[in-house]
Amino acid sequence: DAGITQSPRHKVTETGTPVTLRCHQTENHRYMYWYRQDPGHGLRLIHYSYGVKDTDKGEVSDGYSVSRSKTEDFLLTLESATSSQTSVYFCAISKGTSGGQETQYFGPGTRLLVL
Amino acid sequence: EDKVVQSPLSLVVHEGDTVTLNCSYEVTNFRSLLWYKQEKKAPTFLFMLTSSGIEKKSGRLSSILDKKELFSILNITATQTGDSAIYLCAVPNGGADGLTFGKGTHLIIQP
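Before going into details, it helps to say that this report is about the structure given with it. (Residues numbered from 1 in each chain as written. Chains lettered and ligands numbered in written order. Predicted model: local features only at pLDDT ≥ 70, side-chain atom pairs only at ≥ 80, totals over all residues. Heavy atoms only, no water.)

With respect to the sheet that holds strand 3 (residues 19-25) of chain A
All names here are of chain A. Pairing in this open sheet of four strands is antiparallel, and the strands run 1-3-8-7 from one edge to the other. Of all the strands in the sheet, just strand 1 (4-7) and strand 7 (64-70) have a single pairing partner and so form its edges. Adjacent strand axes in the sheet meet at a mean angle of 20°, parallel and antiparallel pairs treated alike. Relative to strand 8 (residues 73-78), strand 3 runs antiparallel, the two being bridged by six bridges. Residue pairing across strands places H24 opposite D73, the latter belonging to strand 8. (Pairing = 2+ DSSP bridges. Helix = DSSP H or I, 4+ residues; strand = E, 2+ residues; numbered from the N terminus. Axes fitted to C-alpha atoms, helices over the stretch in contact; angles between N-to-C directions.)

Re the pattern of salt bridges
Residue and element names in this part refer to chain B. Per the counting criterion, the structure on display carries seven salt bridges over all chains. Across the salt bridge formed by K3 and E26, the nearest N and O atoms sit 3.9 Å from each other. Taken together, the residues span a long stretch of sequence, with K3 in strand 1 (residues 3-7) and E26 in strand 3 (residues 19-26) at a distance of 23 residues. We classify K3 as partly exposed; its relative accessible area is 42%. We note a salt bridge from R60 to D83, for which the minimum N-O separation is 2.8 Å. Of this pair, R60 sits in the loop between strand 6 (56-58) and strand 7 (61-66) while D83 sits in the loop between strand 8 (71-76) and strand 9 (85-92), and the two are 23 residues apart along the sequence. For D83, a relative accessible area of 4% gives the class buried. (Salt bridge = Lys/Arg side-chain N within 4 Å of Asp/Glu carboxyl O. Buried < 20%, exposed > 50% of the residue type's maximum accessible area, 1.4 Å probe, protein only.)

Read these as layout, nothing more, since geometry by itself doesn't imply function.
Structure follows, in structure tokens:
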């Protein structure tokens, strides 16, 4: 257990509405990540953060933004949700000091359905 | 572009069988390869491999890396129904920017 929580755990929303997902960690790890998981695609990186206010894009960042104003919280925002963003979203942390080469630990996930 | 390919994509075996899952990779500046197990929830970490030929073992699970041929295998001996899961292979992208995952192997163990 890496002390990661995600909220909400489930959400149903309508196309065009903004949605914010929250990832919270209790162990002050520097590196945090957002992934989405879809059938046939596996896990894909959306955005990541390497410190407070330091974020960058991953493989599938279009339509998503992130913010990290505190070490413990990493927020993922869908500015205007679309049906293609229906997915399971996982937050992850890396416990090491070298970023992505260290083992990543995952939160419980958020199931998002966009109608 | 980094790539991770897992095979087979699905596998059905009987309890007690031994299974071998495969992961091949193409990545610049290889540093490590990771295996995860995913049941109906978040992926959980199994192994991280960095050196060729050195087996990592945890109970009935073991894994080995071949950096020359660019692949890794995950073995599960004396399978149990609780081993049913999706097994994911991943490699770091480089720097701080996350992992590239394969599509996973969906393993089903029949009683």
